[in-house]
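Remarks on the overall topology
Here's the letter readout for the chains.
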Amino acid sequence: MTSLLEVNHLEKTFGTHKVLKDINLQVKPGEVLSIIGSSGSGKSTLLRCINLLEQPTSGAINFHEQNILANNFNVTDYRAKVGMVFQSFNLFNNLDVLQNCTIGQTTVLHRDAAEAKKIALEQLETVGMAPYINAKPAQLSGGQMQRVGIARAVSMSPEVLLFDEPTSALDPEMVDGVLDSMRALAHTGLTMILVTHEMAFARDISDHVVFMDQGVIAEEGTAEQIFENPQEERTKTFLKRYLNRV
Amino acid sequence: MKQHRNFWFFLGTLLLMILAVPAATSHAASGTFKVGMEAGYPPFNWTQNDASNGAVKIQGNSTYANGYDVQMAKKVAKSLNKKLVIVKTEWDGLQPALTSGKLDAIIAGMSPTAQRRKAIDFTDTYYHSKLVIIVRKNSKYAQATSLKDFKNAKLTAQLNTYHYTALNQIKGVIKEPAMKDFSAMRVALESGTIDGYVSEKPEGISVTSANPNVKMIEFKGTNGFKTNPEDTDLAIGLRKNDPDRVKINAALAKISQSERDKIMDNAVNEQPKTNGDSENWFVAILKQYGNMLLKGTGVTLLISMVGTIVGFLIGLLVAIIRTIPVAGNRFRRGLLKVVDWLLSVYIEVFRGTPMIVQAAVLYYGAAQAFGWNMDRLVAALLIVSINTGAYLSEIMRGGIISVNAGQFEAAHALGMTHLQTMTKIILPQAVRNSLPAVTNEFVINIKDTSVLSIISVSELFFTGSTIAGQNFQFFHTYLVICLIYLVLTFTITRILRLVERRLDGPQNYNVMANQNQVSAPTDNN
Ligand SMILES: Nc1ncnc2c1ncn2[C@@H]1O[C@H](COP(=O)(O)OP(=O)(O)OP(=O)(O)O)[C@@H](O)[C@H]1O
Ligand SMILES: [Mg+2]
């Protein structure tokens, strides 16, 4: 099967600091890919390069075998197909929960208001946030905001959904609700790329796992390979640290 | 006699005239004797609300005119066997109205200057004014009979009048700085900072009747000031070669000096009181000038509100342009840089110079340099808008920048363009965040529009100056003005805070209350 998304020899430099070095990745449709690694290893940067919130320094990213870095590539169309769930939620503070989930649909996808509302309500229902449709983000807890963030992204009917540590800003008791929503999404067959420190969850839902260290992919494989039988010393050290902590 | 009491007084009467809207009349062959005056220059002419003391109704108006000029006009009209009609006319409109036939005569405290004689004729003098010196009764100057007696006396007079220059005729006098008005000189005299002040006789009559502690020194023959008849004589203005001139001069000749003095004494006593004895001063000011104050308040509100709103839009636009991400091709980048530079020049210039100077440059400068004769109100609105725009553009830019970067990223991640991101997500937040600053700017504008009095916009402060120039109650008038400003700024601040709170909605979200509105399938039975 051909890849939905392909990253080839991707490099990203901030000033003189090379944050990503020769990153290669393939994501197949319906696949759940987890990216793990210690802080500062470049996980977020990689994710942000994928939806062009950061401009890669060199290399190629292909989506449906189209080079997204080409000059004439329609970035906004592409971003509409690649959803993003942020660590700090980034719900639109000026809009209520329902509007957060409809604004992208109406302005970017040009869906009519009624259809957008219907889709948004379905997704909000799925994440259990339907009772809060008129609430403003400031009136919600972190876990509630993140579930709205997921509903907002999914309402756009994306082909790929990117998660950047969606639970790490949450109080422990909020985490499970969000993970449940993500698990449900994975079961719908949505393609997902997930940066997380929730190792148990990653092992549970991932088809493929990438371990990053200092800007390179140090090891990759299936969830079993990485978590049960890591080959690299750095992977072992990293996982040991996490297992001890949890 | 003063040709113009002063600038404020003139503008004040001008304003009154605009309010009064003098009705145009056609020149009747006989029957009526139409006399023009400002009806705002006591004791010569003033406006009152009733016919008491022999006042004459003002044409096309429910008010009455009285004063020395009115009483003289009555006598002249009687001798001509015509019915007297008083036409309230602004000072600058008197001569054109006369020459165009809308008036038959000007009896308005006008001196027959050579300049005026070119355009109109004058009768003989109907009032001759003498300069007097007002002193304290208990001072050594109270017994003075000649200018020589004022050696070493600390004297002053009103600013920009011939009274002040007349002080030079006193040998060894200590010339104190000229003062703005009589009330200031009265206070100075009483407090002893001056020994006396020079004025014309009417003020002398007026002050001595009001204050038993002061005395008016009149001079006989050559003991007094030498003055120019252009300054001291008043005459009736007539059209060139008016056949009635001889008759009027004959009528004037029949009015003796003692009769004239008596008319002036009466006028001084009957002129509108500067401080209401029976009424509370506050009520008196509101009663007499309520309409003017209301109008001034309206103008101030209009200028500051329109200025703030337009300034806000300018500021928003500038801020949007200045926060466009610098990207794209070289041409686009270069263009953005140039525009950005121009905008920062605009901001620096208007934030770095006083609004009063900006107003003067725009209004007077534009008139002089390019012959643009802008409407004062338009100029005022323009200045306040541009000025506010400069301040608010930086505030709005700060507001945009201070919106969390995550908001931009989330919008971009959904596929929104920069424009969509700005209009749908960033600006609503930036505007909301900068609302307190905009409110603040509004309040500042309410206060700062007072500097627009430099271009004679009849806003609240200017109105106050006009009123004070008429009633000489500076303290009380400005106190009222102060109070109005305070009420305005206080209520507007409260109202806008309330609006802000409304916009924010409640702090907490009530799930129960909202469930009714949710049309999710599980909620329906
Ligand atoms: N905009 C930026 N400018 C300069 N350096 C940056 C920028 N963004 C990230 N970096 C640097 O790139 C490196 C990788 O950052 P990144 O956020 O991708 O790490 P991460 O793996 O997501 O870490 P964490 O687990 O803490 O989120 C870090 O050293 C960081 O300081
Ligand atoms: Mg990160």
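Numbering of residues starts from 1 in every chain and runs along the sequence as written. A letter from A marks each chain and a number from 1 marks each ligand, given out in the order of writing. Reporting in this predicted model follows two pLDDT cut-offs: at least 70 for local features of residues, and 80 or more for side-chain atom pairs to be given and counted; totals over whole chains, interfaces and linings ignore these cut-offs and use all residues. Based on all heavy atoms of the structure, the side-chain values leave hydrogens and waters out of the count.

If you look chain B up in an unreviewed UniProt entry, it shows as Amino acid ABC transporter periplasmic protein from Lapidilactobacillus dextrinicus DSM 20335. UniProt positions are given in the numbering used here, feature names are shortened, and annotations may be inferred rather than shown by experiment. Turning to chain B, the UniProt record has this under Subcellular location (unreviewed entry): "Cell membrane".

Per an unreviewed UniProt entry, chain A carries the name ABC-type polar amino acid transport system, ATPase component and comes from Lapidilactobacillus dextrinicus DSM 20335. On record in UniProt, under Sequence similarities (unreviewed entry), the comment for chain A is "Belongs to the ABC transporter superfamily." Its UniProt record gives chain A the following Subcellular location (unreviewed entry) comment, quoted word for word: "Cell membrane".

We now examine helix α5 (residues 142–155) of chain A. A run of DSSP states H or I qualifies as a helix once it reaches four residues; a run of E qualifies as a strand once it reaches two. Both are numbered from the N-terminal end. The span one expects for a helix is its residue count, reduced by one, times 1.5 Å. The end-to-end C-alpha distance of α5 of chain A is 20 Å, a good match for the 20 Å that 14 residues give at a rise of 1.5 Å each. Just downstream of α5 of chain A lies Ser-157 of chain A, where phi reads positive at about 50°.

Here we come to the environment of Leu-452 of chain B. All names here are of chain B. Residue placement: Leu-452 occurs in the loop between α16 (418–448) and α17 (460–471). Burial classes: relative accessible area under 20% of the type maximum marks a residue as buried, over 50% as exposed, and values in between as partly exposed (1.4 Å probe, protein chains only). Residue classification places Leu-452 among the buried residues on the basis of a relative accessible area of 0%. Along the primary structure Leu-452 and Leu-377 are separated by 75 residues, whereas in three dimensions their C-alpha atoms are 9.5 Å apart. Contacts are assigned to residue pairs that have any heavy atoms within 4.5 Å of one another. If we ignore the near neighbours within four places in the chain, the residues touching Leu-452 are Ile-303, Ala-359, Ala-380, Ile-383, Val-384 and Val-457.

A few words now on the pairing of strand β5 (residues 83–88) of chain B. Residue and element names in this part refer to chain B. Where burial is concerned, most of β5 is hidden: five out of the six residues are buried. In terms of strand pairing, strand β1 (residues 32–37) meets β5 through six bridges, oriented parallel. Within β5, the residue paired with Met-37 across the bridge is Lys-88. Strand pairing follows a simple DSSP-based rule, namely that at least 2 bridges must link the two strands.

Right, let's get into the nonpolar core. With 59 residues, the main nonpolar core has Phe-33, Val-35, Tyr-68, Tyr-126 and Ile-236 of chain B as its most contacted residues. Residue contributions to this core peak at seven residues, all from helix α2 (residues 68–80) of chain B. Discounting residues that sit within four places of it in the chain, Val-35 of chain B has contacts with Ala-73, Leu-84, Val-85, Ile-86, Val-87, Leu-103, Ala-105 and Ile-107 of chain B. In this description, a nonpolar core means a group of buried Ala, Val, Leu, Ile, Met, Phe, Trp, Tyr and Cys residues linked to one another through side-chain atoms lying within 4.5 Å. The next biggest cluster of nonpolar side chains, apart from the first, holds 56 residues, and it includes Ala-80 and Phe-86 of chain A together with Ala-319 and Met-396 of chain B.

In the UniProt entry, the feature "transmembrane region" (unreviewed entry) is given for residues 301–321, 341–364, 376–393 and 475–496 of chain B. In the segment residues 301–321 of chain B, helix accounts for 100% and strand for 0%; the C-alpha atoms at its two ends are 30 Å apart.

Residue and element names in this part refer to chain A. If a single non-hydrogen atom of a residue is within 4 Å of a molecule or strand, that residue counts as near it. The immediate surroundings of ligand 1 are formed by 13 residues, with Ser-39, Gly-40, Lys-43, Ser-44 and Thr-45 found nearest. Here an oxygen atom of ligand 1 and a backbone polar atom of Gly-40 are 2.8 Å apart. Definition of a polar contact: a pair of N or O atoms within 3.5 Å, with one able to donate and the other able to accept a hydrogen when the atoms are protein atoms, and with sequence-neighbouring residues admitted only if both atoms are side-chain atoms. Between ligand 1 and Gly-42 there is a distance of 3.0 Å, counted from an oxygen atom to a backbone nitrogen or oxygen. Protein contact buries 61% of the 630 Å² of open area that ligand 1 shows by itself. Counting residues per element, the ones that place at least two in the shell around ligand 1 are β2 (17–27) and α1 (43–50). Broken down by element, the shell around ligand 1 gets its largest block of residues, three residues, from α1. In the shell around ligand 1, the residues fall into two nonpolar, nine polar and two charged. The Shrake-Rupley method, run with a 1.4 Å probe sphere, supplies the accessible areas, and residue values consider only the shown protein chains as cover. For this scheme, ten residues count as nonpolar: Ala, Val, Leu, Ile, Met, Phe, Trp, Tyr, Cys and Pro. Four count as charged, namely Asp, Glu, Lys and Arg, and the remainder, Gly too, count as polar.

This paragraph deals with unusual backbone geometry. Most of the time, phi is negative for any residue but glycine, and the peptide bond is trans. Residue and element names in this part refer to chain A. Phi is positive for His-9, which is not a glycine, with a value near 45°. Tracing the chain through its elements places His-9 in strand β1 (residues 5–14). On the accessibility criterion, His-9 (49% relative accessible area) is partly exposed. Although it is not a glycine, Ser-157 sits at a positive phi angle of roughly 50°. Take Ser-157: it is sitting in the loop between α5 and β7 (160–164).

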